[in-house]
Amino acid sequence: MCLNWRQAALEYLWNEVTLTLNPKSSGVYLARPPWVKENALSQSITNLVKVLHISVHMPGVVNGAAHKCLTKYLGATKCYPSANRIVVMVNTGKSEPSKNNTIDNVLAFVQLLKSLAPAAKAIQVVCATSPVIRSYYFKEPIGELDEDNFGLFVNSLYGDSTGSKLDLGDAGILNMSTIDFIPQLSWLRLFSSNPLSKSMGLVHKSASTLQYLDIGVTDPSTLLYDAKNDVVVYPKLQHLHMSHCVGNDQNTRLVSSDVVPFPVLRSLKISQSYKYFNEVLFRGNNATLEYLEFTLCMNSQQERNIGHVFENVHTALHHVILLNDDFYNDNPRVTSHDELNRLLNNLVSNAKRFVITSSIWLNYVIVAAQQGHGFQNIRVLETKFEKMSMLNVLSILKALPAVTRLRSGISGMDPSMVHIAADELPDHIVSTYGNMGSNLQVWEMTFFNYRFEDETIDYILLLALVCPNLSRVELIPNAVPDYHKKITEVLESGPYSKYASQLSRVSDIIYE
């Protein structure tokens with residue numbers, strides 16, 4: 001038994017290792033637990049490694065210094081025969097002119113890298129172009145990017161790999177035409193503040209194998225048309241994140257109604273307002289789309305008539321995050337309330353988790369739910385804005401009785417409750433909301449100010465009065481006073497004393 005436990009611990013500890021090559025010192029740093037000496041890394045330990053991480057400076061690859069580092073390391077350590085995946089963090093800084101800079105150095109380093117993990121078929125390259133990554137991993141300044149040598153390195157490394165991943169980060173200024181077709185590329189991330197015309201070829205060539213794509217596109221329709229103007233379909237793509245988009249509606253081209261580009265899409269994140277003229281992203285995936293993060297802005301004619309995008313209900317769509325394009329405008333101009341109600345109804349009719357970032361959408365949800373327009377399947381509701389009155393919370397629970405978990409900020413009692421005397425407030429809440437049949441079990445209270453202790457206690461006790469199933473209250477942030485003792489004191493006298501037996505559980509369900 002002890003031997004099995006020790007073996008399991010070793011397998012967990014050495015499942016992944018990280019090697020950092022330092023050409024300046026001709027050394028290799030192995031990230032390891034502080035109690036393990038480097039010379040204690042036996043073959044039995046290297047056999048446990050399944051994922052090999054390597055951090056390397058591209059100029060060192062080009063001038064041969066990285067090759068010398070790795071050769072020296074291999075002379076003292078055998079390879080990692082069980083590693084099935086290699087993750088290479090590359091600092092793509094520009095190489096200084098030197099007679100030592102040769103293509104042969106790049107190719108030789110790739111071969112040596114492969115010999116370090118001969119069984120690895122899954123390859124991931126992470127392009128360290130951001131200042132944060134460079135300073136953390138390489139302590140290097142930002143410089144020019146070596147397009148040709150980086151392209152050669154990538155093309156040589158991937159070879160016949162399977163399940164390949166390529167993380168180019170914000171390297172959109174690279175000319176990705178230097179990277180050929182990557183066999184079985186399943187994962188690609190690429191941001192850019194510039195047009196991606198130089199890089200879209202790689203995306204289009206990999207469309208048949210991509211399963212995950214995180215990309216910043218200036219013109220969204222470039223994702224669907226290649227350089228020859230042929231339609232591009234992504235038959236295996238399950239996760240699409242369109243981020244850092246800086247284009248405008250005028251750039252977007254109409255996509256033919258017979259195109260179904262993402263037939264098995266499961267997760268879609270759109271970090272800007274919807275710029276397509278039709279529902280092209282949502283075609284054919286009615287039964288597969290499970291997660292949607294969607295930015296909605298009702299300030300343009302196109303988006304005022306956006307209800308048709310979700311005319312076909314997505315039966316698997318269980319997690320919806322609704323963002324407001326103008327975060328600081330809580331009162332967007334809406335010309336058609338019926339259109340918005342139809343959109344919200346179709347959007348979240350099957351949602352079990354719903355996240356909203358603006359109180360304007362919360363108000364529409366409450367009204368639409370009260371009018372019987374869906375929302376009855378929502379189990380988890382999360383609000384990202386700071387202020388929500390007690391009346392808002394009660395209205396939500398009354399309109400959405402299936403909610404079992406609520407995450408919300410608080411802003412005090414609603415103005416309509418101000419005239420109610422403090423000693424009459426518990427009776428008023430019970431008589432008004434006591435039979436709403438709430439299933440709420442967990443309430444995460446966010447953005448509250450712990451200096452307003454009395455108000456916080458009122459919130460908790462009032463909610464507990466009308467939510468008999470409430471079993472957990474989480475106070476976030478948790479640097480707060482001890483409410484357990486204070487609640488006990490409140491229940492001993494005053495307006496809550498008559499409900500003391502009903503509320504005795506409250507002090508035990510608060511997690512600070």
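Note: the structure precedes this text.
Conventions and cut-offs
One numbering rule holds for all chains: residues counted from 1, following each sequence as written. Local features in this predicted model are restricted to residues of pLDDT 70 or higher, and side-chain atom pairs are both shown and tallied only at a pLDDT of 80 or more, whereas totals for entire chains, interfaces and linings draw on every residue. As a rule here, side-chain values come from all non-hydrogen atoms in the structure, and water together with hydrogens is ignored. Strands here mean DSSP runs of E at least two residues long; helices mean DSSP runs of H or I at least four residues long; both are numbered from the N terminus. Relative accessibility decides the category of a residue: with a 1.4 Å probe and only protein chains considered, values under 20% of the type maximum give buried, values over 50% give exposed, and everything between is partly exposed. Every residue pair with non-hydrogen atoms within 4.5 Å of one another is taken to be in contact. Note on areas: Shrake-Rupley, 1.4 Å probe, and residue coverage restricted to the protein chains presented here. Every axis corresponds to a line fitted to the C-alpha atoms, with the helix fit spanning only the stretch in contact, and the corresponding angles, defined between N-to-C directions, vary from 0 to 180 degrees. Each crossing gets its hand from how the near helix is turned against the far one by less than a right angle, where anticlockwise is left-handed and clockwise is right-handed. In the scheme used here, Gly and all other residues not listed as nonpolar or charged are polar, with Ala, Val, Leu, Ile, Met, Phe, Trp, Tyr, Cys and Pro taken as nonpolar and Asp, Glu, Lys and Arg as charged. The salt bridge definition used is simple: a Lys or Arg side-chain nitrogen within 4 Å of an Asp or Glu carboxyl oxygen. The arc in question is traced by the directions running from the helix axis to the C-beta atoms. Among buried residues, those of type Ala, Val, Leu, Ile, Met, Phe, Trp, Tyr and Cys that are joined through side-chain atoms within 4.5 Å constitute a nonpolar core.

## Structural notes on the overall build of the protein chain
Across its full length, the protein chain carries 17 helices and 18 strands. By residue count, 51% of the 512 residues in the protein chain fall in the buried class. The long-range share in the protein chain, meaning contacts at least 24 apart out of those at least 6 apart in sequence, stands at 77%. As displayed, the protein chain has an accessible area near 23300 Å², and 52% of this comes from carbon and sulfur atoms.

## A closer look at the environment of L289
Among the structural elements, L289 can be located in the loop between β10 (267–273) and β11 (291–296). For the pair L289 and H318, spaced 29 residues apart in sequence, the C-alpha separation works out to 8.5 Å. Aside from chain neighbours lying at most four places away, what touches L289 is L265, R266, S267, L268, F282, H314, A316 and L317.

## Points about the packing of helix α13 (residues 425–433) against helix α14 (residues 453–466)
It is the contact of α13 with α14, at a shortest axis distance of 9 Å, that shows an interaxial angle of 35 degrees. When the axes of α13 and α14 are compared, the crossing they make is right-handed. Mapping the contact onto sequence places L425, P426, I429, V430 and Y433 in α13 and L462, L465 and V466 in α14. Residues that form the contact of α13 with α14 fall into these classes: eight nonpolar, no polar and no charged.

## Examining helix α12 (residues 390–399)
By the criterion of burial, α12 is predominantly enclosed, with seven of the ten residues buried. Considered for burial, the residues of α12 that qualify are M390, V393, L394, S395, I396, L397 and A399. Packed against the buried residues of α12 are α11 (359–370), β14 (380–383), β15 (405–409), α13 and α14.

## A look at the side chain of S164
Relative to the helices and strands, S164 resides in strand β6 (residues 164–167). Apart from the residues within four sequence positions on either side, S164 is in contact with I123, Y158, I182, P183, Q184, L185, S186 and W187.

## Focus on the pattern of salt bridges
Side chains bearing opposite charge may pair, as long as their charged atoms lie close to each other. Under the criterion given, the structure shown has nine salt bridges. In this structure, R189 engages D167 in a salt bridge whose closest nitrogen and oxygen atoms are separated by 2.9 Å. Taken as a pair, R189 in strand β7 (residues 185–190) and D167 in strand β6 lie far apart in primary sequence, 22 residues in all. Across the pair R407 and E444 runs a salt bridge whose closest N-O atoms are separated by 2.5 Å. Placement of R407 in strand β15 and of E444 in strand β16 (residues 442–446) is noted, with a sequence separation of 37 residues between them. We classify E444 as buried; its relative accessible area is 9%. When salt bridges with common partners are traced through the structure, they connect R353, E382, R405, R407, E444, R472 and E474 into a single cluster.

## A short note on α13
Buried within α13 we find L425, P426, I429 and Y433. The buried residues of α13 all sit within an arc of 100 degrees when viewed along its axis, so they share a single face. Each element contacted by the buried residues of α13 is listed here: α12 and α14.

## Remarks on the packing of α11 against α12
Axis separation between α11 and α12 bottoms out at 9 Å; the angle between their running directions is 40 degrees. Seen from above, α11 lies across α12 with left-handed handedness. Residues L362, N363, I366, A369 and Q370 of α11 form the contact with α12, whose own contacting residues are N392, S395, I396 and A399. Considered class by class, the residues forming the contact of α11 with α12 number five nonpolar, four polar and no charged.

## Description of the nonpolar core
Y80, F153, L166, L213, L223, Y234 and L463 are the most contacted members of the largest nonpolar core, which has 142 residues in total. Looking at which element gives the most residues to this core, the answer is α14, with nine residues. Residues V87, M89, V126 and A128 belong to the second largest nonpolar core, which totals five residues.

## Regarding the environment of T404
Mapped onto the elements of the fold, T404 is located in the loop between α12 and β15. By relative accessible area, which is 23% here, T404 ends up partly exposed. Between the alpha carbons of T404 and V442 there is a distance of 6.4 Å; along the sequence they are 38 residues apart. Aside from chain neighbours lying at most four places away, what touches T404 is R379, N439, L440, Q441 and V442.

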